[in-house]
Amino acid sequence: MEYQEAKEKFISTWGSLGTLWGINKAMAQIQALLFISTKPLSMEDIMEQLQISRGNTSMNLRQLMDWGIVTKELIPGERKEYFTTEKDVQELARIIAKERSRREIQPVVKVLKEVSSIKDDGTEKTKELIKQTKALYDLTETADAMLNKIVNQQQNWITKSLIKLIK
């Protein structure tokens, strides 16, 4: 397989995987392109290489920056904006895990806490609702606390965490 074919296959596969992680295909493809790029890319470079519109590129770059995965890079003498992504795979995974917790898990924890704290009117259905949502709340809060502990580790957090689990 030659470089261009391998590059296209990687970007396409990464795009498909992105949908499993809760981000759209174009967003994942932009991140993949930046990830394998040897230099920062302009919006025009990204549009050309991925064959996507300016609006789609702009919107997805903005979202990737909101996630903390992509940053703007100033290039002296250039008027265009250039973009780059985190190159350290473990740091990238840490950023994604932290952001997914903030966006997805923490709102669920908040709702489960609220729902499991309703006034017990003594009926069987209320007791069951409280019991089940409290169990889910406890599980979700514990999982989030574990994720936060792992995410806040320094470099090689995946390796360190796996070694601790194996021991």
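Residues numbered from 1 in each chain as written. Predicted model: local features only at pLDDT ≥ 70, side-chain atom pairs only at ≥ 80, totals over all residues. Heavy atoms only, no water.

Naming follows an unreviewed UniProt entry, where the protein chain appears as HTH-type transcriptional regulator of Gelidibacter pelagius. If you open the UniProt record of the protein chain and go to Sequence similarities (unreviewed entry), you find "Belongs to the GbsR family." (UniProt positions renumbered as here; feature names shortened; annotations may be inferred.)

Draft legend 1. Geometry of the UniProt feature "domain: HTH arsR-type" (unreviewed entry) in the protein chain. Taken from the UniProt record, the annotation "domain: HTH arsR-type" (unreviewed entry) applies to residues 22-98. Helix and strand shares over residues 22-98 are 57% and 13% respectively, and the end C-alpha atoms of the span are 14 Å apart. (Helix = DSSP H or I, 4+ residues; strand = E, 2+ residues; numbered from the N terminus.)

Draft legend 2. How the structure looks around the pattern of salt bridges. Enumeration over the complete set of coordinates arrives at eight salt bridges. A salt bridge links Arg54 to Glu44, with the shortest nitrogen-to-oxygen separation between them at 3.2 Å. In this pair, Arg54 is assigned in helix α4 (residues 54-67) and Glu44 in helix α3 (residues 43-50), connecting sequence segments 10 residues apart. Ionic pairing is found between Lys127 and Asp120, a salt bridge with its closest N-O pair at 3.2 Å. Classification of Lys127 as partly exposed rests on a relative accessible area of 43%. A relative accessible area of 39% means that Asp120 is categorised as partly exposed. Residues joined in a network through salt bridges with shared partners are Glu99, Arg102 and Arg103. (Salt bridge = Lys/Arg side-chain N within 4 Å of Asp/Glu carboxyl O. Buried < 20%, exposed > 50% of the residue type's maximum accessible area, 1.4 Å probe, protein only.)

Draft legend 3. Spatial organisation of the packing of aromatic side chains. By the definition in use, this model includes two aromatic pairs. Plain terms: the ring middles of Trp14 and Phe35 are 6.4 Å apart, the flat faces sit at 0 degrees to each other, and that makes the pair stacked. You can see Trp14 sitting in helix α1 (residues 3-20) and its partner Phe35 sitting in helix α2 (residues 25-36), a full 21 residues away along the chain. In this structure an aromatic cluster arises from ring pairing among Phe10, Trp14 and Phe35. (Phe/Tyr/Trp six-rings, centres within 6.5 Å; stacked < 30°, edge-to-face > 60°.)

Draft legend 4. Up close: the packing of α1 against α2. At a minimum axis distance of 7 Å, the contact between α1 and α2 shows a crossing angle of 135 degrees. Judged by the inter-axis angle, α1 sits oblique to α2. In this structure, α1 crosses over α2, and the sense of that crossing is right-handed. Counted together, Lys7, Phe10, Ile11, Ser12, Trp14, Gly15, Gly18 and Thr19 of α1 and Lys25, Ala28, Gln29, Gln31, Ala32, Leu33, Phe35 and Ile36 of α2 form the full contact between these two elements. (Axes fitted to C-alpha atoms, helices over the stretch in contact; angles between N-to-C directions. Parallel < 35°, antiparallel > 145°, perpendicular 65-115°, else oblique. Left-handed = near helix turned anticlockwise from the far one by under 90°. Contact = heavy atoms within 4.5 Å.)

Draft legend 5. The arrangement of the environment of Ser42 in detail. By the secondary structure assignment, Ser42 is in strand β1 (residues 41-42). Once residues lying within four places of it in the same chain are set aside, the contact partners of Ser42 are Lys80, Glu81, Tyr82 and Phe83.

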